[in-house]
Structure formats: structure tokens, C-alpha cells
Amino acid sequence: MLSAAAGGTFGSRPAARRLTRAWPAAALLVAGIVAVPNVVVLSSLATPNVELWLHLWRTQLVELALNTLALLAGVGAGTLVVGTVLAWLVVNYRFPGRGIFEWALILPLAIPAYVIGFTFLGIFEFSGPLQTALRRWLGAGVRLPELRSWGGVTLMMTLVFYPYVYLLARAAFRAQGSAALETARSLGRSRLRAFLEVTLPLARPSLAAGVALAMMEALGDFGTVATFGYRTLTEGIYRVWYGMFDRVAAAQLASVLLLFAAALLAIERASRGRQRFTQRERRGAEAAPVALRGVRAAAATGTCAAVLALAFLLPVGQLALWSARTWAEGRVARDLGALLANTLGLAGVAAVLTCLLAVVLAYAGRLHPSHVTRWSARFASLGYALPGAVIAVGVLIPLSAVDHWLGSVLARLTGRPVGLLLTGSAVGLLFAYAVRFLAVSLQSVDASLTRIAPSLDDAARSLGAGAGRTLRRVHLPLLRGGLAVATVLVFVETMKEMPATLLLRPFGLNTLAMEVWERTNEALWQEAAVPALAIVLAGLVPVIVVIRWSNTARG
Amino acid sequence: MQTPTRTTTGRAAAGARALLLALTIVAGAGAWHLAAAADEVVVYSARSQYGQEPAIDAFTRKTGIQVKSFGGNTSELFDRLKAEGDKTPADVLITVDAGNLWNAGRAGLLSRMDSPEIAANVPANLRDPEGRWTALTVRARTIMYNTTKVKPEELSTYEALADPKWKNRLCLRTSTYVYNQSFLATMIKRSGEPKVEQVVKGWVANNPTLINGDTKILEAIAAGQCDVGLTNTYYLGRILAKDPAFPVAAFWANQQTTGTHINISGAGITANAKNRANAVKLLEFLTSPEAQQSFADSNFEYPANPQASVNPVIAKWGKFRQDDINVAAAGEFQAAATKLADRAGYK
């Protein structure tokens, strides 16, 4: 198969193009629908509130923009370093605990940033148990560094967003196999230099994709920055929306956020450059990990253990402790089973739906690399950086317009008044999830698709397979890992999502994230622990499934 | 080559079937929820609920009228009501903060209640001058102090917290918090923007610790992170009910001047209520002494109906003079208050 792939470039491309015209059309349709909320947000710019913008400019706009940039820089650098270093250690070395760390380091993905935020504050703030004990032992003047700061927010986000980089970097390092690295080594490079000069540049698209995901998350986050009192553009949007009841102005600020997101994506694309990153051999000889001994082994184990302890064990332990306490006091959420079922159901449907859309977009781009498909994918990705509530409004306005129209048409047909059909159903919510999380699945699908050599497509075509058949028989089997990762990422993301769910959920439908929101809104962190723990545990199951899957696929 | 292809196709088909099934279930669940019974009252509520509101359960027990509650954040419920327009299932909007209620009234989301009973139950300064909403409970926002570090004689007014003697000793909630916005808005109505801006600048000059959460502020005062702060009193009530030795007490601010600032949680009937008659009945019941007693007991708030009595835990703070300005001022000057906070550097 591989030799055929390398040699088969004589496929009749024009004929293939004709066959695949449906794909760019489908991509354009998907992007068009997904772009509706963005367009609604952007259309707010048509009626600028000059007085308000002057006020924002005079009082805070510069500060908000700088804070946002600082946060992006911090989270970008933090996740890049932590994710890459951990992936490198785990793929290339053997040290005590490696087998466990390899999968366990993905687990923080299941923890929402706002949850790790309030658990850390609960432990480390001035009135928390740790500082209280320190003051008792060491004197009243003892203080830990303030968590409610740039450093604190950056730390929280780095701890829960680094798995994006780790996952993609690990897959990339593995897929590279040993060939390139061994070549570099045989040319006299040390292991570290070979890593820096060969492995890392080759993994660039995956690393950039992971970092871009982490930064978009940071950009759209509201829960954490609000809890920590760190003022970003997103926080500013809520301030304008809730504080001045000016939704239009809030949408205008959100347009600024869209610009940030677009810039991020542009940088990510640019980092790929004009190079094509493909793998010739699919999982050829995987580099045999080198056994570490003594201090080096201890350092490797210590690094992994420290990250795992901070990002997972500590927050989950604190949640468990609080949960046990509220459980003992009989103050547990009303209907945990129903909440869990609602959460899982919504997340499952959203994950499958979003990944289907991502495959359409990514595959159209591969078959038909043109401005249309490229811009379709880019525009469809912007939603990830928008705060959920802004997307929700962008969905709600057009959806209710359609709904009112539909209602009056049906009323005329049936002669009876018809209520709102779409607004109160899950349609709007699923739509919002797709808008918000398409970037996640697209990044993952696209990154794995890029790594499949185009010569494979040519080979399939030359053997007479059409676009759909090539997708089914060649790409999907190869994409399985990437698709699984995409589905899980969206599933977990959806489960953690708060603001859009709040606004668009069907009447009476409650989820775990809603329960957490109700409690944390009043800083009742103990009471939020049970539903938060449930989110984390429910998120762990699919994460573990994907880990197992990726391991068996390898063997 | 054949086997993986077949399983992939099979998996895709199974996935599609599962997707369809799940969609049907979710849509079905949504439709089922929408099908409200004819005389049922549907409530959109932004009043933080820890379980159900006992007063609403009591209403159903007494009248047999079913009530369906849908919880959410105020602004989001507003946008939902606006989008739903004349097709909204909601009959009643319950929310916290007078500014929010004022805004709901102005946005045309509420209609006049026209109930003499409600007017008799609730004092005029706690109701919309145009009759579209009424208070359900009263919440006082006042000065909290660490009883081991501060003597009550050192305290007097909100304005006096701008005095340099409170430098590095003050804990405040962020200015984004709606109760702070309404608080500043009421102050603006009382004293005018220049004077209030001066006061807020004084607070900011005292380098306050900004904490997101009234309970957290009280804990910070107890732990000694700061000595005084501003919070709503029911948060202290909740803590004291569990821990009577908690070293924080409430000081009634501005007793010699304007009276202590109060805010409300309240309710109104939506502009497009389908079930107006029962909605009015619900609000009449919720403002009656019986329901008011349940509100006062369940959350340590002050009843809006003076006939109900205050919970014993907070009764020991004594009677205090409330600022009797109409709470609608919170809405009128809310945007001005947010901008004033921005100008004064209060984050």
C-alpha cells in the first residue's frame, strides 16, 4: 500500500474535481449556517454607540485589551511548554510511572477551568485552610502570593488547557516514528538537539493547533476570570451587557473579540507556512523509549507527578472533600441522576453532530483546496473564541425570528395558534454548541488529515475510487484516532459549557453545569462540589475510552 | 482492507441511528416540557434557588394551582422573554435587584398588576410607581466589621469608609456586581454624581481588597484579611445560623442621615402572560403575611410585608432605619453608576 502511495501520481485530477464539486458546496453551506451567529454579532457594528465607546476608551478598553493579550501570551506559553515537555518525556523515555502518566496526564481535560479556579481559591485564598494554618504557625504576617491575579488565572488555565497540546504533541511525536530522529542522531546530533531541530519543527502543525485551542478557550472564558476578578474583553462584554443593559454594545465588544480570534487563527495558519507536513509511513518504527536512571528518572517522574497533582489530584481531592461534607449534611442537588442524563445526552448528540460537520469542512478542503473551502473552515472556527452567551444571543435572535415566522405559517395552515417550536427545543442549543465547538473538532480532524500523504488520495483515485469512497475506505480508517479525539473533546467541552446552555436550554432542562453555576454564582463552592465532581467524573469516562482506543489502534 | 471498511461503515450507520434516536428524545423532552397545563402558572425566576422556593410550594398546596419554575440569570431571562415575545410561556418574572425589575418594566416585558391586595401588602416605596412590579423580600446592604478589631463607635456611614483610617482595611465586592451598581445608583439619586464619585474615589484610594462573593467577603473579614466590608445581611445570617461565634457583626449604616441602603427581590407579571388571573393570585399570595413569613425564615431576608416578622437570628441586630427612597432609583441610575465606578477606578 505504501509503495503504491508513493508512486501513484498519475490519477486523472480534472475528472476527480468534477466528481467532488458537491464537497465545497457542502462546506460552504456548513460554514454559512455556522456563521449566522457571527454575522448577527458583527451586524451590531452597524449602529455604534459612540458615547459608550468613548467611555470605554477613556476608562478601560486599553486595560482590557492588554489584560487579554497578557492572558493569551501566558496561557499560550504555559500550555506549549507543559504540553510539549510532558509529551516528549512520555513518548521518548522510560521512567517510573510512565505507563500511568501517559494516560493520566490527559485527565485534567475533564476539569472545567472555572471548577479548578474555585477549588484553588478555596484552598489557597487568605481565609482558606492553608493560609489560616500558616498564619497560626508562622505568625499573622504570613501571606501567599495573591491568586486573584494574572499569574493565578494563567496558572489555572495552563493546568486545564495543556492537555490539548499534550494530546496532539504526543500523537505527532509518535507518528513521526524514529526515522527522522535517528537520521539526525546518526549525523551527530544529541538527543536534545535532534528533538529541538527535527522533532519539534516537524510537529509544528500539531503544536500550533493545540496552543490555538488553549488560547481560544482562554479568550472565551468568563467563569474563571470573573471568579478571579481578572478583567478581560470577555469580562468587559458581560459588564456592558449586564451592567448597562446594552446588548448591542456588548455584541460590538464581542466583535473585537472576533478580531482577536481571527488573528489567532491566522497566526496558527501562518506557522504552518507553505510547507506540507505529511507522514510517508504510517506508524512505522516507533522510536524505542530510552530508559532513564537515577536523578534523571526522578526528575522525569517528579515533573509528571507535579503537574498531575496540581492539575488533577488537588482539585478533585478538594471537590471530593467538599462533596463528602455536603453529602453528610444532606444538602445534595435535587435530582443528580436526571441532571447527569440530561448532561450526557446533550453532550453526546452535540459531539457527534459537530464532528460530522468538521469532517465535511476538513474533507472539502482536502479535495478542493480553494479560497472557498479555506475561508469556510476559517470562518466556521471563529465561534470558539466567542463567549458562550454571545453565541447564544447570536443564535437566539435569528432562531426566534424563524420560529415566529414558522409559528404564524403553521397557525395559518392549521387555523390554531401555535407556540414556539424551535426556541424551546434542543435545536437552538445544539446549534450553539456546534458553532462554539466546531473549531475543536476541526482542528483535530484537520491536523490528522494533514498528516495523511496526498499521494494516498491519488492512489485511491487511480484505482477508480470516488471522493466518498476514498473518504470511507482510505481516510476514515486512518482518521479514526483523530476523529475519536475530536468527538471526546467536543463531548467534554459541551458538558462543561455554561452560558449558552443557560440561555438556550429547553424549558425545564437542567444540566450539571447549570447546577454548578447556580451555586458558584453566590460563591457557594462547597455546594457546587457535588455537581462539579459529577462533571469531572462523567468527562473521565470518554477520555479513558479514547486513551484505550488510541492504545489498541497502535498495537 | 475489506474488514476495516465494513466495520467503519457499520459504525457510521450505528452512529447515525444513535444520533437520530437521541435527537428524537431531546426534542420530545422539550415538547413535553412545553406542553404546560391550561391553568398552570409558568415562572421565570432569577432569584437564587436552593431547591424550590417553599412559598411557591405553599401556594400550590393551598390553591391546587400548579407552578412551573424556570431558573436563569436575569439578563438571560430578559433576552429569552424578548425573543419569545407574544409567544412566551412565562406568566411571572421573579428576579433580584430593583434595577433589574425597573429595566424589565422599561423594556416592556411586564404589565400592570392592578391588584389592591398587593398594594396593601407592600409599602409604596418597594413597588413600581407604575404598578408593574412589587418587592417580595427586602435586602439590606450595610457595613460588616470584625468584632475583635473594630468597635462599632468607629463606624458611621458608607461615605465615611472613604476616610484614610480604613486604608488597606476595606473589603469590597467588584463594581460589576448588581447590588453594588444599585447601591451606587441610589446614592447618586440621593446626593448627585459629583459627590458620589468623590466617595467612591475615596474607597478606591483606601486600596480595597476586591472579592467576588459576599460570603467570601465575610470570611475574609473573619480571617483578618480586612476589617470592614459591605455585604447584604442575609449572607451573615446564613453563616451565623451555623456558627454563632463567627466574629463578624452588622453595623447599620447612615442611621443619622439617609438610612441604610436596601434593595429587593421582586416579581411582576409578564406583558404576554397566558394565565394572568392565576399569576395575580400567585403574587397576591407571595406578598401575603403567610408566604412572607416563609421568605423571611428560609433565607434571613427582611419581609416586604411589614406584617411578617423577622427571623430570630437576624432580629438581634435590632430595628434599623431603611432608606425610604423608592427602590426604582436603582434602575434609573444604574448605567450612570456603572460609568461612575469606571471613572473612579472601582473595578
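Residues numbered from 1 in each chain as written. Chains lettered and ligands numbered in written order. Predicted model: local features only at pLDDT ≥ 70, side-chain atom pairs only at ≥ 80, totals over all residues.

Focus: the overall build of chain A
Here is step 1: Assigned secondary structure in chain A consists of 25 helices and 2 strands.
Here is step 2: Within chain A, the proportion of its 555 residues that are buried is 52%.
Here is step 3: Residue pairs in contact within chain A that sit at least 24 positions apart in sequence constitute 84% of those at least 6 positions apart. (Helix = DSSP H or I, 4+ residues; strand = E, 2+ residues; numbered from the N terminus. Buried ≥ 20, exposed ≤ 12 C-beta atoms within 10 Å, placed from the backbone. Contact = placed C-beta atoms within 7 Å.)

Comments concerning the overall build of chain B
Here is step 1: The number of helices and strands found in chain B is 14 helices and 11 strands.
Here is step 2: When burial is assessed residue by residue, chain B has 51% of its 347 residues classed as buried.

Regarding the domain arrangement of chain A
By a widespread convention, an interface's size corresponds to the accessible area lost as its parts come together.
All names here are of chain A.
Here is step 1: The assigned domain composition of chain A is domain 1 (12–44 + 332–555) and domain 2 (76–230 + 296–330).
Here is step 2: Here the C-alpha centroids of domain 1 and domain 2 sit 26 Å apart.
Here is step 3: Those elements giving two or more residues to the side of domain 1 that touches domain 2 turn out to be α20 (426–450), α22 (467–496), α24 (512–520) and α25 (525–554).
Here is step 4: Considering each element in turn, the side of domain 1 that touches domain 2 owes the most residues, 14 residues, to α25. (Domains from an automatic or database assignment.)

Some remarks on the confidence of the model for chain A
Residues and elements named next belong to chain A.
Here is step 1: For chain A, the mean per-residue pLDDT works out to 82, and 90% of the residues sit at or above 70.
Here is step 2: Confidence drops under pLDDT 50 across residues 1–13; counting only partners more than four residues distant or on other chains, this segment forms 19 contacts.
Here is step 3: Predicted confidence for residues 279–283 stays below pLDDT 50, and this span has 11 contacts to residues more than four positions away or in other chains. (pLDDT = per-residue confidence, 0-100.)

Thoughts on the pairing of strand β5 (residues 133–146) of chain B
Residue and element names in this part refer to chain B.
Here is step 1: For β5, a buried count of 14 out of 14 residues is recorded, marking the element as mostly surrounded by other parts of the structure.
Here is step 2: Where β5 meets strand β10 (residues 262–270), 7 bridges bridge the pair, whose relative direction is antiparallel. Each bridged residue has a counterpart across the sheet, and for Ala140 the counterpart in β10 is Ile262.
Here is step 3: Relative to strand β11 (residues 302–303), β5 runs antiparallel, the two sharing 2 bridges. Within β11, the position partnered with Thr137 by the bridge is Pro303.
Here is step 4: In the sheet, β5 pairs with strand β8 (residues 228–232) via 5 bridges, with the strands oriented antiparallel. When the sheet's bridge partners are listed, Tyr145 is paired in β8 with Val228. (Pairing = 2+ DSSP bridges.)

Remarks on the domain arrangement of chain B
Residue and element names in this part refer to chain B.
Here is step 1: Taken domain by domain, chain B comprises domain 1 (41–138 + 262–315) and domain 2 (140–260 + 329–344).
Here is step 2: Each of domain 1 and domain 2 was reduced to a C-alpha centroid, and the two centroids are 27 Å apart.
Here is step 3: Mapped by element, the contributors of at least two residues to the side of domain 1 that touches domain 2 are α4 (98–106), β10 and α12 (312–315).
Here is step 4: In terms of residue count, the dominant contributor to the side of domain 1 that touches domain 2 is α4 (5 residues).
Here is step 5: Residue composition of the side of domain 1 that touches domain 2, grouped by class: 8 nonpolar, 6 polar and 2 charged. (Nonpolar A, V, L, I, M, F, W, Y, C, P; charged D, E, K, R; others polar.)

Brief notes about unusual backbone geometry
Residues and elements named next belong to chain B.
Here is step 1: Of note, the phi angle at Asp114 is positive, near 50°, even though the residue is not glycine.
Here is step 2: By secondary structure assignment, the location of Asp114 is in the loop between β4 (110–111) and α5 (116–121).
Here is step 3: With phi around 60°, Asn168 is a residue other than glycine that occupies positive phi space.
Here is step 4: You can see Asn168 is positioned in the loop between β5 and β6 (170–172).

Points about the environment of Gln293 of chain B
Here is step 1: Residue position: Gln293 of chain B is located in helix α11 (residues 289–299).
Here is step 2: Separated by 10 residues in sequence, Gln293 of chain B and Pro303 of chain B place their C-alpha atoms 7.1 Å apart.

Structural notes on helix α2 (residues 54–63) of chain B
Residues and elements named next belong to chain B.
Here is step 1: Taken together, the buried positions of α2 are occupied by Ala55, Ile56 and Phe59. Angular distribution of buried residues about the axis of α2 spans 100°; they occupy a single face of the element.
Here is step 2: Elements in contact with the buried residues of α2: β2 (67–71), α10 (276–286) and α11. (Arc of directions from axis to C-beta.)

What about the pairing of strand β9 (residues 248–251) of chain B?
Residue and element names in this part refer to chain B.
Here is step 1: Burial along β9 is one-sided: Val248 and Ala250 are buried, while Ala249 and Phe251, pointing the other way, are not.
Here is step 2: Pairing between β5 and β9: 4 bridges, direction antiparallel. Note that in β9 the partner of Asn146 across the bridge is Val248.

Remarks on the nonpolar core
Here is step 1: Residues Leu361 and Ala434 of chain A are the most contacted members of the largest nonpolar core, which totals 174 residues.
Here is step 2: Each of domain 1 (12–44 + 332–555) and domain 2 (76–230 + 296–330) of chain A contributes no fewer than three residues to this core. (Core = buried A, V, L, I, M, F, W, Y, C linked by C-beta atoms within 7 Å.)

Comments concerning the packing of helix α8 (residues 214–223) of chain B against helix α9 (residues 233–242) of chain B
Two quantities define a packed helix pair, namely the angle between the helix axes and the distance between the axes.
Residues and elements named next belong to chain B.
Here is step 1: Where α8 meets α9, the closest approach of the two axes is 9 Å, and the angle between their N-to-C directions is 60°. As α8 runs across α9, the sense of the crossing is right-handed. Contact residues: Asp214, Thr215 and Leu218 in α8; Tyr235, Leu236 and Ile239 in α9.
Here is step 2: Taken together, the residues that form the contact of α8 with α9 break down as 4 nonpolar, 1 polar and 1 charged. (Axes fitted to C-alpha atoms, helices over the stretch in contact; angles between N-to-C directions. Left-handed = near helix turned anticlockwise from the far one by under 90°.)

As for the packing of helix α6 (residues 178–191) of chain B against helix α14 (residues 334–344) of chain B
Residues and elements named next belong to chain B.
Here is step 1: Relative to each other, α6 and α14 sit at 100°, their axes nearing to 8 Å. Classified by the angle between their axes, α6 and α14 sit roughly perpendicular to one another. The segment α6 lies against α14, with Gln181, Ser182, Leu184, Ala185 and Ile188 engaging Gln334, Ala336, Ala337, Thr338, Leu340 and Ala341.
Here is step 2: Looking at side-chain class alone, the contact of α6 with α14 contains 7 nonpolar, 4 polar and no charged residues. (Parallel < 35°, antiparallel > 145°, perpendicular 65-115°, else oblique.)

Brief notes about the environment of Ala484 of chain A
Residues and elements named next belong to chain A.
Here is step 1: Here Ala484 shows up in helix α22.
Here is step 2: Look at Ala484 and you get partly exposed, because 19 C-beta atoms sit within 10 Å.
Here is step 3: Linking Ala484 and Thr494, residues 10 residues apart in sequence, is a C-alpha distance of 15 Å.

A word on the confidence of the model for chain B
All names here are of chain B.
Here is step 1: Per-residue confidence for chain B gives a mean pLDDT of 86, with 88% of residues at or over 70.
Here is step 2: Here helix α1 (residues 2–34) stands out as the least confident element of chain B, with mean pLDDT 50; β4 is the most confident, with 96.
Here is step 3: Within the model, pLDDT remains below 50 along residues 1–9, and this stretch shows 7 contacts once partners closer than five positions in the same chain are excluded.
Here is step 4: Predicted confidence for residues 28–35 stays below pLDDT 50, and this span has 16 contacts to residues more than four positions away or in other chains.

Digging into the environment of Thr132 of chain A
Here is step 1: Here Thr132 of chain A lies in helix α8 (residues 129–138).
Here is step 2: Among all residues touching Thr132 of chain A, those that are not within four sequence positions of it are Ser127 of chain A together with Ala223 of chain B.

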